[in-house]
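Tertiary structure, described
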Amino acid sequence: MKRAGLLAALIGVCVVLTFLLLLFLPVFRITDIQIRGNELVSEDTIRSIAAENNSNIFAFNKSQTIKKLEKNNYIQSARIEKQLPRTLIITVTERKIKGYAEYTGNYLCLSDNGLVIDVKSEISYPAPIITGLKFDTFTVGEYLDVDNPRAFEAMNELSLLFSKYQLMNNILKVDISDPANIRFYCGSVQVIYGKSDGSTGRMLTLIEILKTLDTTVPGTLDLTLENPTFTYTN
């Protein structure tokens, strides 16, 4: 029994010593942090958060670092993989800016359902300015409290279509004050679009028209008619 106890103690000591050795061996010091999936959050920001944790790959706390990363309003979720001996692979899924709301000379960056993820003095990411939202105050990291919440549903639906058909750079402003009668601007052209739901056909029509329409010339394009019409502004 004494021999068995001594053997167990020796094994335990060996395990502890091995673990301590792994913690202090330079070969396991994290020197390579690879970032994937980021567009709005800089690699330096993500690396600095990861570097706060620990420099040894065995002692590195993944769950703690993920929690810190997800405190960033732009980061919806994060995943971290360890690759021995010294590499971390951090993959983030970002919240996308679906539109901007003007507020006292600044722009609120809005994600899905009106989540305010940032405030900017100027527009840096391609997304339209959203008008027609009625609100008094806001808090970054929280959903914008508006009088017409249906407007956010319309914004989400349109944003999906704008992204799918690569129109984010073309749409400058969207008026969703009346979700049943949406209007937006492509350059100097006002587009009367109507409802956002079930509007894939109208969006495809718009894409075809934009191939030949000079959007620098002011006018109105009505897509709600059976035969879409363009009227020049006098």
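Residues numbered from 1 in each chain as written. Predicted model: local features only at pLDDT ≥ 70, side-chain atom pairs only at ≥ 80, totals over all residues. Heavy atoms only, no water.

**Observations concerning the overall build of the protein**
Of regular secondary structure, the protein possesses 5 helices and 12 strands. Going through the 234 residues of the protein one by one, you find that 37% of them count as buried. Looking at the protein alone, contacts between residues at least 24 apart form 50% of all its contacts between residues at least 6 apart. Just so you have it, the protein exposes about 13,500 Å², and 52% of that area is on carbon and sulfur atoms. (Helix = DSSP H or I, 4+ residues; strand = E, 2+ residues; numbered from the N terminus. Buried < 20%, exposed > 50% of the residue type's maximum accessible area, 1.4 Å probe, protein only. Contact = heavy atoms within 4.5 Å. Areas by Shrake-Rupley, 256 points an atom, 1.4 Å probe, with all protein chains shown as cover.)

**Concerning the pattern of salt bridges**
Throughout the structure, instances matching the rule amount to 8 salt bridges. One salt bridge in this structure joins lysine 120 and aspartate 118, with 3.7 Å as the shortest N-O distance. For lysine 120, a relative accessible area of 29% corresponds to the partly exposed category. (Salt bridge = Lys/Arg side-chain N within 4 Å of Asp/Glu carboxyl O.)

**Looking at the nonpolar core**
With 61 residues, the main nonpolar core has Leu133 and Phe184 as its most contacted residues. Broken down by element, the residue count for this core peaks at 7 residues, all from helix α4 (residues 150-164). With residues near it in sequence (within four places) discarded, phenylalanine 184 still touches Phe162, Ile171, Lys173, Val174, Val189, Gln190, Val191, Tyr193 and Leu206. (Core = buried A, V, L, I, M, F, W, Y, C linked by side-chain atoms within 4.5 Å.)

**With respect to the side chain of serine 159**
The residue serine 159 is located in helix α4 in this model. Serine 159 gets classed as buried once you look at its relative accessible area, which sits at 2%. If sequence neighbours within four positions are ignored, serine 159 has contacts with Lys98 and Met168.

**Considerations on the packing of aromatic side chains**
For the coordinates displayed, the defined rule picks out 6 aromatic pairs. On the basis of an interplanar angle of 45° and a centroid distance of 5.3 Å, the ring pair of phenylalanine 184 and tyrosine 193 is categorised as tilted. Of the two residues, phenylalanine 184 and tyrosine 193, neither departs from the other in class, the shared state being buried. Judged by centre distance (4.8 Å) and plane angle (90°), the ring pair of phenylalanine 230 and tyrosine 232 falls under edge-to-face. (Phe/Tyr/Trp six-rings, centres within 6.5 Å; stacked < 30°, edge-to-face > 60°.)

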